[in-house]
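Per-entry structural report
The lines below spell out each chain.
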Amino acid sequence: MKLSKKEVEHVALLARLALSEEEKERFRAQLSSVLEYADIINRLDTEKVAPTYHVLPIQNVERPDKEHETLPLEETLQNAPQRDGNYFRVPRII
Amino acid sequence: MDNYEAVIGLEVHVELHTKTKAFCSCPNEFGKEPNTNVCPICLGLPGVLPVINEALLEYAVKAGLALNCEIAAFSKFDRKNYYYPDLPKNYQISQYDLPLCRNGYLDIEVNGATRRVGITRVHMEEDAGKLVHGEGGADYSLVDLNRAGVPLLEIVSEPDIRTPEEAKAYLEKLKSILSYIDVSDCKMEEGSLRCDANISVRPAGTGILNPKTEIKNMNSFRAVQRALEAEIKRQCAVWAAGGTVESETRAWDENKGTTVPMRSKEEASDYRYFPDPDLVPIVISPDRVSRIKSELPELPDARARRFTSEYGLSAYDAGVLTASRALADFYEACARNYRDPKLVSNWVTGEFLRLVNARNLEIRDVKLTPAHLVEMLELIDKGTISGKIAKTVFEEMFDTGKRAEDIIKEKGLVQISDEGELSRIVEEVVTANPGVVADYRNGKEKAFAFLVGQVMKATRGKANPQLVNRLLKERI
């Protein structure tokens, strides 16, 4: 399956990636070959194979509803590019 | 508009009041200082491992059972991918194709008729943080992640709802059930219950499905009802004018009393759901389901039926009393200890609820106890106070938490049953109103009530009414 340039741009937007024209072409080819390989796998008969929802043979890992320490405010905000008092500050979105 | 019918489905999010968050051990509390109830897991820092809170699973199964759902033997979590500053991981942990609960229903009563509304699914997910937008023209927003990772249930109804009134009844019943099983506070004002609505209209009886709109930003049950009324009007007008309703997201504007366009609905595939590799599948044994089922309390519908049969109440009164578990508990604690459960119902659905609403209280914060109400009713039976004075006593008990007996003593409200004293007052009234007495003797029944009223007035309502009646009749 060959991807169109438009599809590459859509995927890039969803991932918040800004791609140059040259990159769009390069990733179009690379992503297309990934999808082509998936097409090959898709041809296998999986009628009698149970879906794999998880790769580990583990189920039902739960924790008790008990409080633990929270992170000190200074540590929480230490990597924030911008802060405002107790808050993370980000570009306005509405 | 009369020849159109609406097709409505509701999507409700409720915050569960577990002690800790869904996938980390941060406290799940409302109203803390910003960004103080957070840890590396709910901040989405690299290298952390979320683990499900067992209480979340238990609450979700409980809710599913209370809503008559099938509980999936096998369930899993998925990542819903989108970018927004209140979502630190850039994905929300949710459930996509294998939700925990499916195919349930609840029954609503509207205009005396019962209707069943299907519940498509109930799934578990995490809440996002909270954004505070800068004042006026500020070019920034502030992020508080205390709410990020708080456990939510998303409850999706079938498009079985036909009127705004039914939508409100559905929400009230849902709130009632979730409060009974004690999994959420269900406070729309605090955001612990949120509702979006999908709605389309069609010519009545055709069964076709027209494009629907999704309505957001409704902050009360009343707002949901009003928004749906406005949206039905709008859509009908579009079709009637030969236009086509666009499938879109709209916001309810309380001030304008109308819905306004928001943004075009993103395609579901844009969320790129995939199984969350950090969380292992959930397999719930039939034993666990039956254990949780056995722990469910008596639910509102069942309790209302019992109230009608056990206490002889009308279906309406039983419905009012059982809508809230706290109210039903209060009523039942009184009814069990008093000879006349219907009289108790009159007081609880009447004066009690009137004062709860007037004082804007939660039932659990009311100072009056069931024992105090029973004591007061017994004082009426004994003739210590009249039914009329009891209303004053009741209000005082309600506001202060004092016992009826103490209030009666303090305020001198004991009923006057002393024949000598009342005869003297009757004599005064009769002497002062010769014209009215003459009217009565000439067959005017109303004149008698006036004279009783005068005696009551003279005693400030404390006269024993039966005694006044007898003495007056004897005198004239």
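Brief notes about the overall build of chain B
From N to C terminus, chain B includes 15 helices and 17 strands. In terms of overall dimensions, chain B is more spread out than a globule: its C-alpha atoms have a radius of gyration of 29 Å, far above the 23 Å expected for 476 residues. For chain B, the C-alpha atoms occupy an extent of roughly 90 × 55 × 50 Å along the three principal directions. Expressed as a percentage of the 476 residues in chain B, the buried residues total 51%. Once local pairs closer than 6 in sequence are excluded, the contacts in chain B between residues at least 24 apart make up 69%. A total of about 21900 Å² of accessible surface is found on chain B, and carbon and sulfur atoms cover 50% of it. Distance between charge centroids for chain B: 4 Å, based on 63 positive and 72 negative side chains.

Describing the pairing of strand S6 (residues 91-94) of chain B
All names here are of chain B. Here S6 shows two buried faces, one formed by Tyr91 and Ile93 and the other by Gln92 and Ser94. Inspection of the sheet shows strand S5 (residues 78-81) paired to S6 by 4 bridges, in the antiparallel sense. Directly across from Asp78, in S6, lies its bridge partner Ser94.

A few points about the nonpolar core
Residue and element names in this part refer to chain B. Counting 69 residues, the largest nonpolar core has Leu10, Leu67, Met124, Leu153, Ile155, Tyr170 and Leu178 as the members making the most contacts within it. The element contributing the most residues to this core is helix H1 (residues 54-66), with 9 residues. The contacts of Leu10, once residues within four sequence positions are left out, are Ile155, Val156, Ser157, Ile161, Ala167, Tyr170, Leu171, Cys195, Asp196 and Ala197. One finds Leu313, Tyr331, Leu355 and Ala404 within the second-largest nonpolar core, a separate group that totals 40 residues.

A few points about the sheet that holds strand S2 (residues 83-84) of chain A
Spatially, 4 strands are ordered S2(A)-S3(A)-S10(B)-S9(B) in an open sheet, and the strand pairing comes out antiparallel. Two strands close off the open sheet at either side, each with one partner strand: S2 of chain A together with strand S9 (130-133) of chain B. Here S2(A) runs beside strand S3 (residues 87-91) of chain A; their pairing, made up of 2 bridges, is antiparallel. Residue A:Asp84 lies in a different strand from S3(A), and its bridge partner there is A:Tyr87.

A look at the side chain of B:Ser157
Residues and elements named next belong to chain B. On the secondary structure map, Ser157 appears in strand S11 (residues 151-157). Residue Ser157 is classed as buried on the basis of its relative accessible area, which comes to 6%. Beyond its immediate sequence surroundings of up to four residues, Ser157 is in contact with Gly9, Leu10, Val117, Gly118, Ile119, Thr120 and Tyr170.

A closer look at the interface of chain A and chain B
Facing the 32 residues of chain A at the interface are 56 residues of chain B. In total, about 3900 Å² of surface goes out of reach between chain A and chain B, with carbon and sulfur atoms giving 58% of it. Among the residues chain A hides against chain B, the three largest losses belong to A:Tyr53, A:Arg63 and A:Asp65. Together they make up 20% of the total. Residue A:Glu62 pairs with B:Arg288 through a salt bridge whose shortest N-O separation is 2.9 Å. Our count for the contact surface shared by chain A and chain B stands at 25 residue pairs in polar contact (both at pLDDT 80 or more). Those elements that provide at least two residues to the side of chain A that touches chain B are helix H1 (5-14), strand S1 (62-63), helix H3 (73-77) and S3 of chain A. A per-element tally of the side of chain A that touches chain B places S3(A) first, with 5 residues. Here the residues of the side of chain A that touches chain B are counted per class, giving 15 nonpolar, 8 polar and 9 charged. When S1(A) meets strand S2 (residues 52-53) of chain B, the two strands line up parallel, connected through 2 bridges. By the bridge assignment for S2(B), A:Glu62 is matched with B:Ile52.

Notes on the side chain of B:Asp276
Positionally, B:Asp276 belongs in the loop between strand S16 (274-275) and strand S17 (282-283). In this view, B:Asp276 contacts A:His54, B:Phe77, B:Asp78, B:Arg79, B:Tyr91 and B:Ile93; residues no more than four positions away in its chain are not counted.

A closer look at the domain arrangement of chain B
Taken domain by domain, chain B consists of domain 1 (4-289), domain 2 (296-411) and domain 3 (419-475). With centres defined by C-alpha atoms, the gap from domain 2 of chain B to domain 3 of chain B works out at 33 Å.

What to know about a negative patch on the surface
All names here are of chain B. Negative charge collects at one region of the surface, where Asp182, Asp185, Glu189, Glu190, Glu362 and Asp365 lie side by side. Considering the arrangement of structural elements, one finds Glu362 in the loop between helix H8 (341-358) and helix H9 (370-382). Residue Glu362 is classed as partly exposed on the basis of its relative accessible area of 37%.

Concerning helix H11 (residues 404-411) of chain B
All names here are of chain B. Regarding H11, the residues found buried are Ala404, Ile407 and Ile408. For H11, the angular spread of the buried residues around the axis is 100 degrees, confining them to a single face. Among the exposed residues of H11, those pointing more than 90 degrees away from its buried face are Lys409 and Glu410. For H11, the secondary structure elements touched by its buried residues are H9 and helix H10 (387-400). Where H11 terminates, the next one or two residues include Gly412, which has phi positive at roughly 60 degrees.

Here we look at the sheet that holds strand S15 (residues 258-261) of chain B
Residues and elements named next belong to chain B. Read across the sheet, 9 strands follow the order S3-S7-S8-S11-S1-S12-S13-S14-S15 without closing on themselves; strand pairing throughout is mixed. Edge positions in the sheet fall to strand S3 (70-71) and S15, since each has one partner strand and no second. Two strands pair when backbone bridges link them, and strand S13 (residues 213-218) and strand S14 (residues 248-253) are joined in this way by 4 bridges, in the parallel orientation. Its bridge partner lying in S14, Thr213 is registered against Glu248. The sheet strands contacting helix H3 (residues 221-240) are strand S1 (4-15), strand S12 (193-203), S13, S14 and S15, and the helix crosses S12 at an angle near 25 degrees.

A few points about the pattern of salt bridges
Residues and elements named next belong to chain B. Per the counting criterion, the structure on display carries 51 salt bridges over all chains. Taking the shortest distance from any N to any O, the salt bridge between Glu298 and Arg306 comes out at 2.8 Å. Ionic contacts of the salt-bridge type, sharing partners, join the residues Glu298, Arg303, Arg306, Glu310, Asp329, Glu332 and Arg336 into one network.

What to know about unusual backbone geometry
All names here are of chain B. Although it is not a glycine, Asn103 adopts a positive phi angle of roughly 55 degrees. Look at Asn111: it is not a glycine, yet its phi comes out positive at around 50 degrees. By the secondary structure assignment, Asn111 is in the loop between strand S7 (101-110) and strand S8 (113-126).

Conventions used here
Residues numbered from 1 in each chain as written. Chains lettered and ligands numbered in written order. Predicted model: local features only at pLDDT ≥ 70, side-chain atom pairs only at ≥ 80, totals over all residues. Heavy atoms only, no water. Helix = DSSP H or I, 4+ residues; strand = E, 2+ residues; numbered from the N terminus. Rg over C-alpha atoms; globule rule 2.2 N^0.38 Å. Buried < 20%, exposed > 50% of the residue type's maximum accessible area, 1.4 Å probe, protein only. Contact = heavy atoms within 4.5 Å. Areas by Shrake-Rupley, 256 points an atom, 1.4 Å probe, with all protein chains shown as cover. Lys, Arg positive; Asp, Glu negative; His and termini not counted. Charge placed at Lys NZ, Arg CZ, Asp CG, Glu CD. Pairing = 2+ DSSP bridges. Core = buried A, V, L, I, M, F, W, Y, C linked by side-chain atoms within 4.5 Å. Buried area = accessible area lost by both parts, 1.4 Å probe. Salt bridge = Lys/Arg side-chain N within 4 Å of Asp/Glu carboxyl O. Polar contact = N/O pair within 3.5 Å; in protein donor to acceptor, adjacent residues only side chain to side chain. Nonpolar A, V, L, I, M, F, W, Y, C, P; charged D, E, K, R; others polar. Domains from an automatic or database assignment. Patch = residues over 30% accessible without salt bridge, like charges linked within 9 Å, V, L, I, M, F, W, Y side chains within 5 Å. Arc of directions from axis to C-beta. Axes fitted to C-alpha atoms, helices over the stretch in contact; angles between N-to-C directions.

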